[in-house]
Amino acid sequence: MKGKRDQITGAVLVILGIVVFLMTTTFSIPVTSSYPGPRMLPDIAAFGFVVCGLGIFIESIVNKKEGTSYLTKEGWLKVVTVFLIIAGYIAGMLVAGYLIATPVILYIMTTLFAKGSSSTTKGRIMFSVLTAVIIYLIYVYAFGLTLPSGLLFS
Amino acid sequence: MTEFLPYIIGQLISPFNLMLMMLATIVGLIFGAIPGLSGTLAVMLFMPLTYSMNAGSAVIFLIALWVGGCSGAFIGSVLLGIPGSASSVATCFDGYPMSQKGEAGKALAIGMVASFIGTFFSAVLGALLSQKIANIAFALGPWEYFSLCFVAITMVLAISKGNMFKGLASASIGLLFASVGFSPIDAESRFVFDNMYLMGGLGMTIVLIGIFGVARIIEEYGKGFGALPDVDTKSIKGLGITLGEIREQFVNILRSFGIGLGIGFLPGMGSGLSNLVAYSSAKNASKTPEKFGKGCPDGIWASEVSNNAAIGGAMIPMSALGIPGDSTTALLIGALTIHGLEMGPMVFKNSGNVVYLMFATVAVCGVLILILQALGMRVFPLILKVPYHYMYPGLIVISFVSAYVDSSSLYKCGMMLIFAVIGILMSYGGLPTAPLILSFILGPTLESNMLKAFQYTGSAATFFTRPISCVLMIIGILCVFSPVIRTLMERLHNKQK
């Protein structure tokens, strides 16, 4: 399983290296022996990707290591769910602002994360509202920073 | 140095700064104590809060978070057998067995006093040494600075767990991220795709919190939070150590302090390595090495003195050369730049007061933490009982609020989400994060010095004709190939056997 993972990682790195290298060829200042210019750093990265990608790929074939899987199917589902929730949170902040989106998202996440453990709905609601308000007070009033007000209210 | 004393004292006794220091220390301690979190994460998450502060308050706040995180890491090691962070791995070896034998109070007390000794004296020594090293650094040119950055990155590769290729790949990702935006000197637009948000480069906050913070939390959730074992609080009674016991450990403390300070000073290394080296040295030097791993106090002294001594050690190259000693100092360099403090030899001339304030804050935090820990010994187990289902959603929200505050734009929140995906993919591929952090932060310094060096001489050979640069380049190259060299040596050794 780990071997396959390494093969995928190696292949992705090689492709990434080639893409980065091709992109750097469009830069206006060329690399010369007397002045490497702005291409040098990304080219070093591209070279690193290709060499390391090949190294990881070949090593995984030679060593044939057996390891545990990174995440189970259920685990991947959980990860994707959280990413979608966060994407919703960003959209929520854009539309409704921090003060509305944050307690809602906190409640959803605490409910999701609390599966299998003992926690009450009342406790989660209290935590969500209090945390959102405390963060708001600290950032806005204590440190004078601004938080999203939302398209609906601006 | 004495001319800065009024400023330093003024900053440290200001009620606002005192409150900030107390708050940041407690937050740092909590982040350090809870397995999965760390002082580094605390610095990342709360860095945007300092944007509205003056330089003095920002320094006090960030340093207190860092020192708190380093000093709190032993709590999880002693009470749970799970290190709060990599800096306290070796503390587990003897701290947890002591707890199991009913000596948790004594193990915690050793951790507290050892952390204090390491933190306080390394800060004093750091303050005395850094100006001298900065004076030497005036003689360094772009060749040496490039080589120093190169060594800092490669040293992390040399100790990368797993294989060299993965460490190098991670460093390459950091360099690629550092390339985004306008290039130094030539102002060539790179990987910007006509997007105005990318023109200034990728912000440190979104890249690091996304990859290091958000991704880790989501990954933990995907893997399923393991419930932490219960802690026996009955054995926590009083400090349980005497001055005589501290005197007995004098040689061990001195040796571990030297190791911590030295490793902390080396670019790219830090407390994650120093605690293991100091522990091994203490074991090797002990007359009763068989007691190690079974609840021997010497092991805790060695680990905790060395990991905290690395704080002062790491601050010397950070302030004198602008080169980070570890990932947290790399972050601090970035954060202080926002406040107009360009670390390096000139900082002593331009903002010497703030630099010495940094060292003074470390020393004061050392004392403050000792007091807090001594008073709150019975509260430690409660820190470890904070439910993950409350803590992690809270941290996710703070992460995205930090991304917003960083640029007052939700675009950066979206970018952070993308970096969290990259963090998950890196973790899937087994790529370590430390090389990425260092190469991302050092990338611009590395590049601008490289380009300056070429502008001056028009040749790469100068990197090897200037003695200091040549030595550093050779060390860097050896570090890159050290895993291969080590494997070959081991094979040769086994064949000879």
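Undergrad: Just checking my understanding: could you explain the interface of chain A and chain B for this structure?
TA: When the parts of a complex come together, some accessible area is lost, and that lost area is often taken as the interface size. With 67 residues of chain A at the contact, the number on the chain B side is 69 residues. Of the roughly 5800 Å² buried between chain A and chain B, counting both surfaces, carbon and sulfur atoms make up 78%. Summed over the three residues of chain A that lose the most area to chain B, namely Leu41(A), Tyr70(A) and Phe113(A), the buried surface amounts to 13% of that side. Our enumeration of links across chain A and chain B arrives at one salt bridge. A salt bridge links Asp6(A) to Lys166(B); the nearest nitrogen and oxygen atoms lie 2.8 Å apart. The interface formed by chain A and chain B includes nine residue pairs in polar contact (both at pLDDT 80 or more).

Undergrad: For this particular structure, what's the right way to read the environment of Pro6(B)?
TA: Residues and elements named next belong to chain B. Here Pro 6 shows up in helix α1 (residues 5–13). For Pro 6, a relative accessible area of 59% translates into the label exposed. The sequence separation of Pro 6 and Asn 353 amounts to 347 residues, and the corresponding C-alpha distance is 9.4 Å.

Undergrad: Explain the packing of aromatic side chains here, please?
TA: Describing an aromatic ring pair means giving the distance of the ring centres and the angle of the ring planes. All names here are of chain B. Inspection of every chain in the model, using the stated rule, returns 22 aromatic pairs over all chains. Considering the side-chain rings of Phe 4 and Tyr 356, the 5.7 Å spacing of their centres and the 25° angle between planes classify their relative orientation as stacked. Separated by 352 residues along the polypeptide, Phe 4 in the segment before α1 and Tyr 356 in helix α15 (residues 347–375) bring together distant segments of the chain. Tyr 356 gets classed as buried once you look at its relative accessible area, which sits at 5%. With a centroid separation of 4.2 Å and an interplanar angle of 15°, the aromatic rings of Tyr 197 and Tyr 411 are classed as stacked. One end of the pair, Tyr 197, is in the loop between β2 (189–190) and α9 (204–223); the other, Tyr 411, is in helix α18 (residues 410–428), with 214 residues separating them in the sequence. For Tyr 411, a relative accessible area of 30% puts it in the partly exposed group.

Undergrad: How do you make sense of a nonpolar patch on the surface when you look at a structure like this?
TA: All names here are of chain A. On the surface, Leu 94, Val 95, Leu 99, Ile 100, Val 104, Ile 108, Leu 151, Leu 152 and Phe 153 cluster together to form a nonpolar patch covering roughly 840 Å² of accessible area. When contributions to the nonpolar patch are tallied by element, the ones reaching two or more residues are α3 (73–96) and α4 (98–113). Residue contributions to the nonpolar patch peak at four residues, all from α4. Relative to the assigned elements, Val 95 resides in helix α3.

Undergrad: Sorry, what's going on with the nonpolar core here?
TA: One finds Tyr139(A), Phe46(B), Val207(B), Leu208(B) and Phe400(B) to be the most contacted residues of the largest nonpolar core, which totals 203 residues. By residue number, the principal contributor to this core is helix α4 (residues 55–80) of chain B, which donates 16 residues. Discounting chain neighbours no more than four positions away, the residues touching Tyr139(A) are Gly144(A), Leu145(A), Leu147(A), Leu45(B), Phe46(B), Leu49(B), Ile398(B), Val401(B), Ser402(B) and Val405(B). Formed by nine residues, the second largest nonpolar core is a distinct cluster that contains Ala90(B), Ile263(B), Ala278(B) and Cys296(B).

Undergrad: How should helix α8 (residues 164–179) of chain B be read in this particular structure?
TA: Every α-helical turn comprises 3.6 residues, leaving residues that sit three or four positions apart pointing alike. Residue and element names in this part refer to chain B. The terminal C-alpha atoms of α8 lie 23 Å apart, and with 16 residues this matches the ideal 22 Å at 1.5 Å per residue to within 8%. Burial analysis of α8 places 15 of its 16 residues in the buried class, which makes it a mostly covered element. Once α8 ends, the next one or two residues include Gly 181, with phi positive near 105°.

Undergrad: What is the right way to read unusual backbone geometry from this model?
TA: Glycine aside, residues mostly have negative phi angles, and peptide bonds mostly take the trans form. All names here are of chain B. Its identity is not glycine, yet Ala 187 carries a phi of approximately 55°, on the positive side. Secondary-structure assignment places Ala 187 in the loop between β1 (181–182) and β2. For Ala 187, a relative accessible area of 48% puts it in the partly exposed group. Even without glycine at this site, Asp 194 takes up a positive phi of about 55°.

Undergrad: Just checking my understanding: could you explain α1(B) for this structure?
TA: All names here are of chain B. Buried within α1 are the following residues: Ile 8, Gln 11 and Leu 12. For α1, the angular spread of buried residues about the axis comes to 95°, placing them on one side. Turned more than 90 degrees away from the buried face of α1 sit Pro 6 and Ile 13, all of them exposed. Tucked inside the fold, the buried residues of α1 contact α2 (15–33), α4 and α15.

Undergrad: Would you take a moment to explain the side chain of Ser448(B) for this structure?
TA: Residues and elements named next belong to chain B. Examined against the element boundaries, Ser 448 turns out to sit in helix α19 (residues 434–457). Polar side-chain contacts of Ser 448 include one of 3.3 Å to the backbone oxygen of Thr 445. In contact with Ser 448, not counting residues within four places along its chain, are Pro 184 and Ile 185.

What counts as what
Residues numbered from 1 in each chain as written. Chains lettered and ligands numbered in written order. Predicted model: local features only at pLDDT ≥ 70, side-chain atom pairs only at ≥ 80, totals over all residues. Heavy atoms only, no water. Contact = heavy atoms within 4.5 Å. Buried area = accessible area lost by both parts, 1.4 Å probe. Salt bridge = Lys/Arg side-chain N within 4 Å of Asp/Glu carboxyl O. Polar contact = N/O pair within 3.5 Å; in protein donor to acceptor, adjacent residues only side chain to side chain. Helix = DSSP H or I, 4+ residues; strand = E, 2+ residues; numbered from the N terminus. Buried < 20%, exposed > 50% of the residue type's maximum accessible area, 1.4 Å probe, protein only. Phe/Tyr/Trp six-rings, centres within 6.5 Å; stacked < 30°, edge-to-face > 60°. Patch = residues over 30% accessible without salt bridge, like charges linked within 9 Å, V, L, I, M, F, W, Y side chains within 5 Å. Areas by Shrake-Rupley, 256 points an atom, 1.4 Å probe, with all protein chains shown as cover. Core = buried A, V, L, I, M, F, W, Y, C linked by side-chain atoms within 4.5 Å. Expected span 1.5 Å × (residues − 1). Arc of directions from axis to C-beta.

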